[in-house]
Amino acid sequence: MSTQAAAAHTDTPSTPKMRISDRPEYKSKPNPLTFGREATVADAVAAMSERNYGAVIVTDGDGKVEGVVTERDVMRKIVNAKRDAQATKLSDIMTTEVRTARADDDVLDWLRIMSNERFRRLPIVDDDGRLKAVFTQGDFVSYTWPELMSQATQLAKATVFRNWHIFLIVGAVMVYTVIMIAVL
């Protein structure tokens, strides 16, 4: 587990740990969209549009993450600032303090970190820091659905069993009402 994820890691016996690489999305992820820092914003936006990506990862010559440029960066730092996308380099607008994870890090830890720190894209790197994949919050959310459904089911069962006498009375009144309507 990376140092960043380890700091956020909490042991809860009811939550099984799942590594990022265990997620089906990890194996089926298309290659991340990458550019060097000298590429223009216009070139990156064209590639993002063509591939329907929401971000590009800025990497060095060895494939190590140097920054991230998102659609929001383009809107705020280019469109709203009325800058020329043809003349602006990615290095001029990229986020340089990029959180990265390793494939062996825990999914739930990173879901919490991303939610708390309000970022949507997480580059996954190997032991040498080279980019392997990019996970989005959507990839992590699919992990939580089965657990949320299980919790909702358990809560419903607990509510019914804890208040069974109320449900019994309401049920009896409903049956009595149906019988009375049928008789009259």
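Only a predicted model underlies this, so the values are computations on that prediction, with no experimental measurement involved. (Residues numbered from 1 in each chain as written. Predicted model: local features only at pLDDT ≥ 70, side-chain atom pairs only at ≥ 80, totals over all residues. Heavy atoms only, no water.)

Here's the deal with a nonpolar patch on the surface
The line we're drawing: Patch definition: residues with relative accessible area over 30% and no salt bridge; like charges joined within 9 Å; nonpolar side chains (Val, Leu, Ile, Met, Phe, Trp, Tyr) joined within 5 Å. Exposure was quantified through the Shrake-Rupley algorithm and a 1.4 Å probe, taking into account, for residues, occlusion by the shown protein chains and nothing else. We define a salt bridge as a side-chain nitrogen of Lys or Arg found within 4 Å of a carboxyl oxygen belonging to Asp or Glu. Runs of H or I in DSSP of at least four residues are treated as helices and runs of E of at least two as strands, each being numbered from the N terminus.
A surface patch of nonpolar side chains, amounting to about 670 Å² of accessible area, comprises Val175, Tyr176, Ile179, Met180, Val183 and Leu184. Within the secondary structure, Met180 sits in helix H8 (residues 164-183).

Considerations on the sheet that holds strand E3 (residues 65-70)
The strands making up a sheet associate through backbone hydrogen bonding, with each pair oriented either parallel or antiparallel. In plain terms, the rule: Paired strands, as defined in this entry, are two strands with at least two bridges between them according to DSSP.
With mixed pairing, three strands are arranged side by side in an open sheet as E1-E2-E3. At either end of the open sheet lies a strand with only one pairing partner, and these are strand E1 (34-35) and E3.

Some words on unusual backbone geometry
Glycine aside, the phi torsion of most residues is negative, and most peptide linkages are trans. Stated precisely, the cut-off is as follows: Partly exposed describes any residue whose relative accessible area lies between the buried limit of under 20% and the exposed limit of over 50%, with all areas from a 1.4 Å probe on protein chains only and scaled to the type maximum.
Even without being a glycine, Lys82 presents a positive backbone phi close to 55°. The phi dihedral of Arg118 falls on the positive side, at around 60°, and the residue is not glycine. Residue classification places Arg118 among the exposed residues on the basis of a relative accessible area of 69%.

Quick look at the environment of Thr100
Relative to the assigned elements, Thr100 resides in the loop between helix H5 (90-93) and strand E4 (101-102). For Thr100, a relative accessible area of 21% translates into the label partly exposed. The spatial distance from the C-alpha of Thr100 to the C-alpha of Gly129 is 8.6 Å, given a sequence separation of 29 residues.

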